[in-house]
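Spelled out from the first residue to the last, the chains are:
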Amino acid sequence: MGMKKVKISSVKRAAHLKNKKVPQTKQQQQKLAQQKAAKEKAQNVFIQKARKKDNLAQKKRQNRPETRVSNLTHQTDEEDGDDLVDKVADMLEDEDLEYLQLSKNSKQRKRKYVEEIGEENHEDLKHSISLEKQYASKTAEELDNKKVKVNLLPIKSREGDIIARSAEVDYKAKIKRIKKQKEEEEEEEKKNEDNVLEQELYADSDEDVVDDEDANIASINPENKVITTTDLLIARQQEIERQKYRIGIICSGILEKPEDKIRNFKALFELMDETTSTGSINLLTIRKLALVSLTEIFKDILPEYRVGQVDTKMQHVRKATLERVTYENALLQQFKKFLQRLEKLTAAVNRRGQANKTPQAIKMAEVSVQSMCEILIAHPYFNYVKNVAQLLVYMLNCNYPRMREAVNQCFRYVFANDKKLEISLFIIRRINHLIKTKNNNVNLECITCLMALKIKNVNLDLEKENELKQKKLEAHRQRVLNLSKKERKRRKKLAELNKELEETRAEENKQTKNYKLTEIVKMMFTIYFRVLKNDPNSKVLSAILEGLAEFAHVINLDFFADLIDVLNRILETQEDLGYREQLHCIQTIFAILSGQGEILNIDPIRFYQHFYRNMLAVNAGKNHDDFRIILKTLDEVLVKRRRNMSQQRLMAFVKRLLIVSLHLLHHGTLASLGTIKTTFQLTSVLDILLDTDCTIGSGKYNPELEDPEYCNASCTALYELTMLARHYHPTVRKMALHIANGVPATGEGSLPSEIGKLTALELFEQFDSTSMVFNPSIPVPPKTSSEPKIKKSKHSYLQKDLKLDCRKLFKEHFIHLEDTSKNSEIIDFYKELKLSC
């Protein structure tokens, strides 16, 4: 049987490796062998010295007469000892023998020198040598502590005075210090090599970075020097670079294998806080980097599905499934901790009072909101995402425009790309609850984000139609079952009816999607109607009216009459209502009346008057983009409802639109001419406006009258076309000539196919030059090699007397009139003429 593998935790493994003897590398083994050989060599040398001393002492004792006799008995032993010494000497190397011989000779010379000069003189010599050493050491210390005054560069004060500066520096050269420092660093590196080799065998590559063992080394100041602002900035930049490297290592490790590095999230969470576990303060830049890095990590490693809870104690699962479930639960816990920190950062700016609303807190809240928006966009169906959406809904009504705009863009993206419609329905319900609790006192972003909903093809009456159809089929099925003729035919008819029933029931996901879409539409119009009914003076009225104008075609027919009455009341009673809100009201009303509202018996004459009056409010200034609303309303009025309008009203709107086109930019002018072209093609009544003879007809055109029915537009002509025929834009010139020629399909004055097929809104968008792009592109003028010739101008005189006086003046100053151009003298003609007169 094979060995059974047991998986142990990282903590037990680290403790086991700590107690276990680490195997040595080849370099370490060679180094230890060299050290051992050197020790053995030194021991052999000292043994040889000791034996030599013993031999000398024995020889002295042998020379004495009382020991000669005793030595004779031991002569054999001495001979054996000499043989042993000779053998040991043969074993030593030449360098060791030379060292022993030199030491022996030096000792002999020292004894001879002492015997020659005497012991007293020898002691005096020792004393003098010690004094010299003391003097040398004192001088070295003085040189080390000696300071030299050095002149520094002068500085200039605010008053303009030059201030000289100087400083004291060490007298001893810095080269020796640098050499000593290098030697010490080399020794430390050699000592640390062994530790590094041992750590590389078993330790992870990013373990020391995650633990941040060298966190407080940069802040230590053992010399207690004065810290300047430059030092602080340098230390701050170094700390940022160090933490950047650390964050990069941690993030790359997590992305490489998140199952094994799930514990490294703790280090990033600490960097998000104001202070670390050791008590040091995190810089704002580092906190932002940690937050953004965590956001990117979760965007990459979070799964697309919703993680379920599996009880591994009650259920028996496979090993691979158990590992996957354990990892998902751990990841879910880390994601929960991250969201709790983000909620804490955003709560600091939502609380009442200014205690916690510091600039740093506001910046961190902005980054937190942006991170939550990115997570909601990347994983709209993951766990806890509804909590994120609920928090973002409250941030949609905060006091900081940048946060509101970020959340608004996030919700617009979610509404436009949500396929399941689950998160969209949840967000709209929370927005409805927020507006209801705040009594409609919310910011515009709470309403404008709803404009991105894709509900243009929703039929709120589809449910009732399906129910009626299903009831009819069920009744038919019962009638077929009760028949008693021919079983085969009955089965065939039953199969066909069951097939039709399945088609009416549709698929489950499709039915659920339609239900959610219907609920979204109901909730959205609930928000709109509540504001219109309860608070028509609200600051979000403009956004409500814009939304109604956008989605008026999906409103239920039962609400049409009441809605038109409310909008009419707003137009007549609200004196402070802006032109933009009025245009949205009119657009909503005509959108209702052009669709299912045609069956309503409503006279829109008062709305025509409002629209006719507000058409002149838009010009080529800041509100030029609002002309888009006028174009959409004109499409409803002049194109879809042209048969319900009188001839006088239709001609008045065309004349007013052409007057407005003179005050717009070129793409607005093209859009208005495109609407007029379409109206000319659909009706033949407008041809009278191309006739310049104004004697036909009764009355006189009054452009200042607010009622289009009685302004007598038939008594005027479209003379603005002659002005637009000389417009700076070439397409405007073509369009004006096309209308002036009676909108011909072919021949003279006809338009190219690529321009004639475009609608008014397409012309407005395609020829827009707000992005500094001119359509068509302007050709580059050709380069001319020769300079342009300057024509000589001739003098022209109104009076003959002035001409004679000028000629007389020229003759006085110059001999010939033809040579005046050669002379560079400047003459004050007015002064000379005045003197001559």
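Residues numbered from 1 in each chain as written. Predicted model: local features only at pLDDT ≥ 70, side-chain atom pairs only at ≥ 80, totals over all residues. Heavy atoms only, no water.

1. Considerations on the environment of His 379
Checked against the element boundaries, His 379 lands in the loop between helix 13 (359-378) and helix 14 (385-395). When the C-alpha atoms of His 379 and Tyr 305 are compared, they prove to be 8.6 Å apart, with 74 residues separating the residues in sequence. Excluding residues that lie within four positions of it along the chain, His 379 makes contacts with Phe 298, Lys 299, Leu 302, Pro 303, Glu 304 and Val 385. (Helix = DSSP H or I, 4+ residues; strand = E, 2+ residues; numbered from the N terminus. Contact = heavy atoms within 4.5 Å.)

2. Notes on the packing of helix 12 (residues 319-350) against helix 14
In the contact formed by helix 12 and helix 14, the axes pass within 12 Å of each other and the chain directions differ by 15 degrees. Between helix 12 and helix 14, the crossing angle belongs to the class labelled roughly parallel. Judged by the twist between their axes, the crossing of helix 12 over helix 14 is left-handed. Between helix 12, through Leu 339, Glu 343, Thr 346, Val 349 and Asn 350, and helix 14, the contact on the second element is made entirely by Val 388, Leu 391 and Met 395. For the contact of helix 12 with helix 14, a count of residues per class yields 5 nonpolar, 2 polar and 1 charged. (Axes fitted to C-alpha atoms, helices over the stretch in contact; angles between N-to-C directions. Parallel < 35°, antiparallel > 145°, perpendicular 65-115°, else oblique. Left-handed = near helix turned anticlockwise from the far one by under 90°. Nonpolar A, V, L, I, M, F, W, Y, C, P; charged D, E, K, R; others polar.)

3. Comments concerning a negative patch on the surface
A cluster of acidic residues, Glu 183, Glu 184, Glu 185, Glu 186, Glu 187, Glu 188 and Glu 189, forms a negative patch at the surface. Secondary-structure assignment places Glu 187 in helix 7 (residues 174-202). (Patch = residues over 30% accessible without salt bridge, like charges linked within 9 Å, V, L, I, M, F, W, Y side chains within 5 Å. Areas by Shrake-Rupley, 256 points an atom, 1.4 Å probe, with all protein chains shown as cover. Salt bridge = Lys/Arg side-chain N within 4 Å of Asp/Glu carboxyl O. Lys, Arg positive; Asp, Glu negative; His and termini not counted. Charge placed at Lys NZ, Arg CZ, Asp CG, Glu CD.)

4. Quick notes on the packing of aromatic side chains
Taken as a whole and judged by the stated rule, the model has 13 aromatic pairs. Centre to centre, the rings of Phe 265 and Phe 298 are 5.2 Å apart; their planes meet at 15 degrees, and the pair counts as stacked. In this pair, Phe 265 sits in helix 10 (residues 265-272) while Phe 298 sits in helix 11 (residues 284-301), placing the two residues 33 residues apart along the sequence. On the basis of relative accessibility, which here comes to 0%, the residue Phe 265 falls in the buried class. Given a relative accessible area of 0%, Phe 298 falls into the buried group. Between the aromatic rings of Tyr 608 and Phe 653, the centroid separation amounts to 6.2 Å while the plane-to-plane angle is 65 degrees, which identifies the pairing as edge-to-face. Of this pair, Tyr 608 sits in helix 24 (residues 605-614) while Phe 653 is found in helix 26 (residues 647-661), placing the two residues 45 residues apart along the sequence. With respect to class, Tyr 608 is no different from Phe 653; both count as buried. Three or more aromatic residues joined by ring pairs make a cluster, and in this case those are Phe 265, Phe 269, Phe 298, Phe 335, Phe 338 and Phe 382. (Phe/Tyr/Trp six-rings, centres within 6.5 Å; stacked < 30°, edge-to-face > 60°. Buried < 20%, exposed > 50% of the residue type's maximum accessible area, 1.4 Å probe, protein only.)

5. A few points about the nonpolar core
Membership of the largest hydrophobic core comes to 160 residues, with the highest contact counts inside it found for Phe 411, Leu 450 and Phe 627. Among the elements that make up this core, the one with the highest residue count is helix 20 (residues 508-534) (10 residues). (Core = buried A, V, L, I, M, F, W, Y, C linked by side-chain atoms within 4.5 Å.)

6. So, a nonpolar patch on the surface
Nonpolar side chains collect at one region of the surface, where Val 148, Val 150, Leu 152 and Val 169 lie side by side and expose about 250 Å² of accessible area between them. Take the nonpolar patch: its biggest share by element is 3 residues, from strand 1 (residues 147-156). Within the secondary structure layout, Val 148 lies in strand 1.

7. Some points on the packing of helix 26 against helix 27 (residues 666-682)
The contact between helix 26 and helix 27 brings their axes to 9 Å, and the two run at 160 degrees. Taken together, the axis directions place helix 26 and helix 27 in an arrangement best described as roughly antiparallel. Considering only the axes of helix 26 and helix 27, their crossing is left-handed. Facing helix 26, whose interface residues are Leu 650, Val 654, Leu 657, Leu 658 and Ser 661, helix 27 presents Thr 669, Ser 672, Leu 673, Thr 675, Ile 676, Thr 679 and Phe 680. Tallied by class, the residues present in the contact of helix 26 with helix 27 amount to 7 nonpolar, 5 polar and no charged.

8. Observations concerning the environment of Pro 536
Locating Pro 536 in the fold gives a position in the loop between helix 20 and helix 21 (541-550). Pro 536 sits in the partly exposed class, given a relative accessible area of 24%. Sequence separation of Pro 536 and Ile 570 is 34 residues, and the distance between their C-alpha atoms is 7.3 Å. In contact with Pro 536, other than residues within four places in its own chain, are Val 531, Leu 541 and Gln 574.

9. A word on a positive patch on the surface
Together, Lys 800, Lys 803, Arg 807 and Lys 811 give the surface a local cluster of positive charge. For Arg 807, the position within the fold is in helix 32 (residues 800-813). Of the residues examined, Arg 807 reaches a relative accessible area of 40% and is grouped as partly exposed.

10. Brief notes about unusual backbone geometry
In this structure, the amide linkage connecting Asn 775 to the following residue, Pro 776, adopts the cis form with an omega of 0 degrees. Locating Pro 776 in the fold gives a position in the loop between helix 31 (760-766) and helix 32. Not every positive phi belongs to a glycine, and Asn 712 is a case in point at roughly 60 degrees. On the basis of relative accessibility, which here comes to 26%, the residue Asn 712 falls in the partly exposed class. Of note, the phi angle at Met 772 is positive, near 60 degrees, even though the residue is not glycine. Within the secondary structure, Met 772 sits in the loop between helix 31 and helix 32. Given the relative accessible area of 77%, Met 772 is considered exposed.

11. Topic: the pattern of salt bridges
Tallied over the full model, the rule gives 16 salt bridges. Among the salt bridges present, the one from Glu 706 reaches Arg 613, with a minimum N-O distance of 3.7 Å. Here Glu 706, found in the loop between helix 27 and helix 28 (720-724), pairs with Arg 613, found in helix 24; they are 93 residues apart in sequence, far enough to count as distant. Across the salt bridge formed by Lys 655 and Glu 720, the nearest N and O atoms sit 3.0 Å from each other. Highlighted residues: Lys 655 in helix 26 and Glu 720 in helix 28, separated in sequence by 65 residues. Classification of Lys 655 by relative accessible area gives buried; the value is 1%. The exposure class assigned to Glu 720 is buried, which follows from its relative accessible area of 1%. Look at the salt bridges and you will find they share partners, linking Glu 296, Lys 299 and Glu 374 into a network.

12. Structural notes on the confidence of the model for the protein chain
On average, residues of the protein chain score 77 in pLDDT, and 70% of them reach the 70 mark or higher. Between residues 65-82, whose pLDDT stays under 50, and residues either more than four places distant or in other chains, the model counts 8 contacts. Below pLDDT 50 for its whole length, residues 216-220 participates in 1 contact with residues either more than four positions away or in separate chains. (pLDDT = per-residue confidence, 0-100.)

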